[in-house]
Amino acid sequence: MATPSRSDRASGGVLGAQKWGALTREELTKACQISLEDLRRHCAEIPCMGCRSAIEALLTQLAARPSNADIGPFAVLANRVVKLRDELLADSDKACSALLRCRNADLDAWITKSKAQHKGNKRCPLHSLKPRPVGAWIDVWLLMSDDCHRVMLTALTAERFEDALQAYLRKHKFCSHCRSVVLEAYDMLILDRHATRGELSDEDSADEAHGHSDDDALADTDDIAHAERLFKKLSYVNGRIVIPNDATYVQELLDRAERSMRGEQQSQHVKQGSLGQDEVLSCLGGCLWEELQNLWRQMVNNERSWCMLQHVASMATLTHIDVSVDEKVGDRIMLELLAEEEGEKNAASNQKSKKAKKKARQKAKKAAAAAKKAEEERSASAQAEETAS
């Protein structure tokens, strides 16, 4: 999983600390609580429907637990709420670091690319309808306990194996004689070691083997003997094929299965009962290989679902915190804008009042100057009349 770089964590921690400081403890507690329904809505952004189903199944399992469960830095409460753990809420640096560690850069890029291409239901390789091999069998084997080994090696029923064997014979296009030899070897496994299906007489065998020329290559004698030894170690108990609990034996079966899948082991004809046993071993190895691949795929799917769930919970928490900070800061900014607008209105009103007073003073001053001038003109006219008389 791709994790944020050191610079991203540093910048994220600074921004997170600033946002943490903008909220009270009660506001932080409320912002860091996410309902399971809200998480499911965030999961809808994941492009692969298989990944979404796996995450929803994991959420359902966690919600069904009687006690609280943990998802990384998150706790799943009994009231179907996911929240950041209390010890992280008290420290903004630890909380931001924990949230950033949950983020998956590759998943972010995948979601962004899918949104840009409008491909909301594209399957990932893990959940493809034609899954490919995802890992080495030994990695799964080493992670399993001895009890798990025994359960897996005794889980194959005779009915299921016979169906797989019939499909194996059809896939490799065995002729009727070769099919009878392989099925005879299968009967030797599930019945007693001496009873076989429709044991052929020498004459019937010669007739059925018509067309199998002596020029066809026979398997090496040592390989035949080795296949016989491997076949004798198998057993049939209570309707199930029992494989020896031995890593070396399992390795032999899986090697035969892989060679058969690559077409390296298939010969022209199965001429001997020992070669029929070898084909049975190859088919059995194929069944075991499929089982190990399914286990490996399930392990990868569980780990991937766990990481994706932490990523989704982290992004949902960060979104809730951003919304809470924006609401609180937005209210404060709105109050500041209203106060600023009111101050501008008061300033404009005061400015108008000052201008009106100034205009009134100027008008009164002009009126006084005009009255004084008129008085002077009357005095000058009176003096002129007195002088003339």
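Residues numbered from 1 in each chain as written. Predicted model: local features only at pLDDT ≥ 70, side-chain atom pairs only at ≥ 80, totals over all residues. Heavy atoms only, no water.

Chemist: Describe in detail the layout of surface pockets, supporting the description with residues and values.
Modeler: Considered as a void within the structure, the largest pocket measures approximately 280 Å³ in volume. Ala164, Tyr168, Lys171, Met261 and Gly286 are, among the 13 residues lining the largest pocket, the residues nearest its centre. Of all the secondary structure elements, the ones that give two or more residues to the lining of the largest pocket are α10 (158-171), α14 (247-262) and α15 (273-388). Top contributing element to the lining of the largest pocket by residue count: α15, with 5 residues. Tallied by class, residues from the lining of the largest pocket come to 7 nonpolar, 4 polar and 2 charged. (1 Å grid on protein atoms, 1.4 Å probe; cavity = no way out; pocket = protein on both sides within 12 Å on 5 of 7 lines; lining within 4 Å. Points joined across faces, edges and corners; volume = space filled by probe spheres on them. Helix = DSSP H or I, 4+ residues; strand = E, 2+ residues; numbered from the N terminus. Nonpolar A, V, L, I, M, F, W, Y, C, P; charged D, E, K, R; others polar.)

Chemist: Can you tell me about helix α11 (residues 176-190), naming the residues and giving the values?
Modeler: For α11, built from 15 residues, the straight-helix expectation of 21 Å at 1.5 Å per residue is met to within 8% by its first-to-last C-alpha distance of 21 Å. Residues of α11 that are buried: His177, Cys178, Val181, Val182, Leu183, Ala185, Tyr186, Asp187, Met188, Leu189 and Ile190. (Expected span 1.5 Å × (residues − 1). Buried < 20%, exposed > 50% of the residue type's maximum accessible area, 1.4 Å probe, protein only.)

Chemist: Which residues make up the sheet that holds strand β6 (residues 235-237), and what values do they have?
Modeler: The antiparallel open sheet is built from 3 strands, whose spatial order is β5-β7-β6. Each edge of the open sheet is held by one strand with a lone partner, namely β5 (156-157) and β6. (Pairing = 2+ DSSP bridges.)

Chemist: I'd like a description of the pairing of strand β4 (residues 81-84), backed by residues and values.
Modeler: Burial along β4 is two-sided: the face carrying Val81 and Lys83 and the face carrying Val82 and Leu84 are both buried. Sheet topology places strand β1 (residues 33-35) next to β4; 3 bridges connect them, and they run antiparallel. Bridge pairing links Ile34 to Val82 in β4. Of the strand pairs in this sheet, strand β3 (residues 74-76) and β4 are connected by 3 bridges, and their pairing is antiparallel. Within β4, the position partnered with Ala75 by the bridge is Lys83. Taking the residues that link successive antiparallel strands as the turn, the β3-β4 hairpin has 4 residues, and the phi of Arg80 there is positive, at about 60°.

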